[in-house]
Amino acid sequence: MFKTTAGHIARMLTIAGSDSGGGAGIQADLKTAHQFAVYGMSAITAITAQNTLGVQGVFPLSPDAILQQLRSIADDLGFDAVKTGMLGDAAAIYTIASFLTERATCPIVVDPVMVAKGGTPLLDPADVQAVIEHLLPVATIITPNAPEASALTGIDVQSLAECKAAAVRIAEHGPQMVVVKGGHIATDIAERELSVDVVYANGRFTYFAAPRLQTAKTHGTGCTFSSAIASCLARGMEPLAAIASAKAFIHRAILGARNWDVGHGHGPTDHSVQPVFTANIAPGMFYLFDGEQWLERNDIA
Ligand SMILES: Nc1ncnc2c1ncn2[C@@H]1O[C@H](COP(=O)(O)OP(=O)(O)OP(=O)(O)O)[C@@H](O)[C@H]1O
Ligand SMILES: Cc1ncc(CO)c(N)n1
């Protein structure tokens, strides 16, 4: 599938929570890295007892346990990109942000995980300010969903216009690129129901859209998307091309699992689908994924 230079394999480190159900968190991240032919490593921040119906328990690890994992990885294996997911609380955020400031010289994708799909908090709501003050400044790319973009900005994000406004506000805190994901927002463009991810960087918006899939099998979509971006960055891809590849991958992964019978609630996605790559992504354009390739759509920009 992929060719890697002899002796070299791109390495991606995920700093996130464990999902016993296997569809989100560390498990989704490592399955995704593997599918992009990237070597995956993990520093676990918390163990969750979780399935497709919800979260039954959350067991945070101490900042020291998190830091020791990070040091073990940095002292020996190294990494070409980092992704952060569920971090739990402000103490974990300070520890991880200081580690990344001292030891990471590679791209960092921050998925500011706050609440699981069923409504269980995965970050103490009082600690949103720690994300803003400590995590946003170290992020190369941040990938909030609509409720997370609302929590980070105070803007009630329910439409494309509000995604754009929130992206500009979040960028003021330091990340080089902001992706406000459209999974929670119904967007009708040219009479099609689309899931549109809004990307903001260097004063310009770029849009990645795909048809909205009518399915409840969306457990872990955000984790899969952000770890696909980090995997592509680890491979040396440009940020916009990495986001396009991740969007195509999550679209295919949702499609791939729509007839699965795994669990009784929000089922997981299929991480075994093939990635799709494109090199020709220009900032400022609107792109639509048709399941096979990206189409540039000037008419709906
Ligand atoms: N029904 C859908 N059809 C097509 N794409 C979708 C759908 N739901 C989500 N996506 C895509 O999946 C990616 C993740 O978006 P989403 O907003 O669901 O993240 P999330 O809420 O953080 O996910 P989670 O909390 O389950 O990990 C985005 O690229 C989004 O456009
Ligand atoms: C561990 C974990 N991280 C992130 C999410 C968000 O999907 C989840 N449900 N569980």
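Keep in mind that what you see is a predicted model, and the values were worked out from it rather than measured.

**Section: the packing of helix H5 (residues 146–153) against helix H6 (residues 160–171)**
Each pair of packed helices can be summarised by the angle the axes make with each other and by the distance between the axes. Orientation of H5 relative to H6, taken along the N-to-C sense of each, is 50 degrees, at an axis distance of 10 Å. Classed by the angle they form, the pair H5 and H6 counts as oblique. Between H5 and H6 lies a crossing whose hand is left-handed. Judged by residue contacts, Ala-149, Leu-152 and Thr-153 of H5 engage Ala-166, Arg-169 and Ile-170 from H6. Here the contact of H5 with H6 is composed, by residue class, of four nonpolar, one polar and one charged.

**Quick notes on the site of ligand 1**
Taken together, 19 residues surround ligand 1, and among them Lys-117, His-184, Ser-195, Asp-197 and Lys-247 come closest. In the environment of ligand 1, an oxygen atom lies 2.4 Å from a nitrogen or oxygen atom belonging to the side chain of Lys-117. Measuring from an oxygen atom of ligand 1, one finds a backbone N or O atom of Gly-220 at 3.3 Å. Compared with its free state, where it exposes 630 Å², ligand 1 has 94% of that area covered by protein. Those elements giving two or more residues to the shell around ligand 1 turn out to be strand E9 (192–201), helix H7 (221–234) and helix H8 (239–256). With four residues, the top contributor of residues to the shell around ligand 1 is H7. Split into classes, the residues belonging to the shell around ligand 1 amount to six nonpolar, eight polar and five charged.

**Looking at the site of ligand 2**
The environment of ligand 2 is made up of Gly-17, Ser-18, Ala-24, Gly-25, Gln-50, Met-86, Val-113, Ala-116, Leu-122, His-219 and Cys-223. One of the side-chain N or O atoms of Gln-50 is found 2.8 Å from a nitrogen atom in ligand 2. For the shell around ligand 2, the per-class residue count stands at six nonpolar, five polar and no charged.

**Here we look at the side chain of Thr-187**
Among the secondary structure elements, Thr-187 is positioned in strand E8 (residues 187–189). Discounting chain neighbours no more than four positions away, the residues touching Thr-187 are Leu-160, Arg-192, Glu-193, Leu-194 and Val-196.

**Thoughts on the nonpolar core**
One finds Leu-13, Ile-15, Phe-79 and Leu-100 to be the most contacted residues of the largest nonpolar core, which totals 55 residues. The element contributing the most residues to this core is helix H3 (residues 90–103), with six residues. Discounting residues that sit within four places of it in the chain, Phe-79 has contacts with Arg-11, Leu-13, Met-41, Ile-73, Ala-74, Phe-99, Arg-103, Ala-104 and Cys-106.

**Details of the UniProt feature "domain: Pyridoxamine kinase/Phosphomethylpyrimidine kinase" (unreviewed entry) in the protein**
Mapped onto this numbering, the UniProt entry annotates "domain: Pyridoxamine kinase/Phosphomethylpyrimidine kinase" (unreviewed entry) at residues 19–270. From the first C-alpha to the last, residues 19–270 spans 15 Å; its make-up is 39% helix and 22% strand.

**What about the packing of aromatic side chains?**
Taken as a whole and judged by the stated rule, the model has eight aromatic pairs. Ring plane angle 40 degrees and centroid distance 4.8 Å describe the contact between Tyr-200 and Phe-205, whose orientation is recorded as tilted. Residue class for Tyr-200 comes out buried when judged on its relative accessible area of 15%. With a centroid separation of 5.4 Å and 75 degrees between ring planes, the pair formed by Phe-208 and Trp-294 is classed as edge-to-face. Of this pair, Phe-208 sits in strand E10 (residues 204–211) while Trp-294 is found in strand E12 (residues 294–296), placing the two residues 86 residues apart along the sequence. Pair check on accessibility: Phe-208 and Trp-294 agree, each one buried. Directly above the aromatic system of Phe-205 lies the positively charged group of Lys-164, at a separation of 4.8 Å from the ring centroid.

**Here we look at the packing of helix H2 (residues 63–76) against H3**
Remark: H2 packs on H3, axes separated minimally by 9 Å, with the N-to-C direction vectors making an angle of 20 degrees. Our classification of the angle between H2 and H3 gives roughly parallel. Between H2 and H3 lies a crossing of right-handed hand. Between H2, through Pro-63, Ile-66, Leu-67, Leu-70, Arg-71, Ala-74 and Asp-75, and H3, the contact on the second element is made entirely by Ala-91, Ala-92, Thr-95, Ile-96, Phe-99 and Arg-103. The residue makeup of the contact of H2 with H3, split by class, is nine nonpolar, one polar and three charged.

Rules used in this analysis
The residue count restarts for each chain, going from 1 along the sequence in the order it is written. Whichever chain is written first becomes A and whichever ligand is written first becomes 1, with later ones labelled in order. Predicted model: local features are reported for residues with pLDDT of at least 70 only, side-chain atom pairs are reported and counted for 80 or more only, and whole-chain, interface and lining totals are derived from all residues. Where side-chain values are given, they derive from all heavy atoms of the structure, hydrogens and water being excluded. Orientation is described by axes fitted as lines to C-alpha atoms, over the contacting stretch for helices, and by angles from 0 to 180 degrees between their N-to-C directions. Runs of H or I in DSSP of at least four residues are treated as helices and runs of E of at least two as strands, each being numbered from the N terminus. Relative orientations are named as follows: roughly parallel for angles under 35 degrees, roughly antiparallel for angles over 145 degrees, roughly perpendicular for angles from 65 to 115 degrees, and oblique for any other angle. Handedness of each helix crossing follows the sense of rotation of the near helix against the far helix: counterclockwise by less than a right angle gives left-handed, clockwise gives right-handed. By the convention used here, residues are in contact when the closest approach between their heavy atoms is within 4.5 Å. When residues are grouped by polarity, Ala, Val, Leu, Ile, Met, Phe, Trp, Tyr, Cys and Pro land in nonpolar, Asp, Glu, Lys and Arg in charged, and all others, Gly among them, in polar. Only a single heavy atom is needed: when it lies within 4 Å of a molecule or strand, its residue is near that molecule or strand. Identification of polar contacts relies on pairs of N or O atoms within 3.5 Å, with a donor-acceptor requirement for protein atoms, meaning one able to donate a hydrogen and the other able to accept it, and with residues adjacent in sequence counted only if both atoms are side-chain atoms. What sets the accessible areas is the Shrake-Rupley method with a 1.4 Å probe; for residues, cover comes only from the shown protein chains. Each nonpolar core is a collection of buried residues, namely Ala, Val, Leu, Ile, Met, Phe, Trp, Tyr and Cys, held together in the definition by side-chain atoms within 4.5 Å. Relative accessibility decides the category of a residue: with a 1.4 Å probe and only protein chains considered, values under 20% of the type maximum give buried, values over 50% give exposed, and everything between is partly exposed. UniProt positions are given in the numbering used here, feature names are shortened, and annotations may be inferred rather than shown by experiment. Aromatic rings from Phe, Tyr and Trp, with only the six-membered ring used for Trp, were paired whenever their centres fell within 6.5 Å, and each pair was classed as stacked if the ring planes differed by under 30 degrees, edge-to-face if by over 60, and tilted otherwise. The criterion is that NZ of a Lys, or CZ of an Arg, lies within 6 Å of the ring centre and within 35 degrees of the ring normal, and then a charge sits over that ring.

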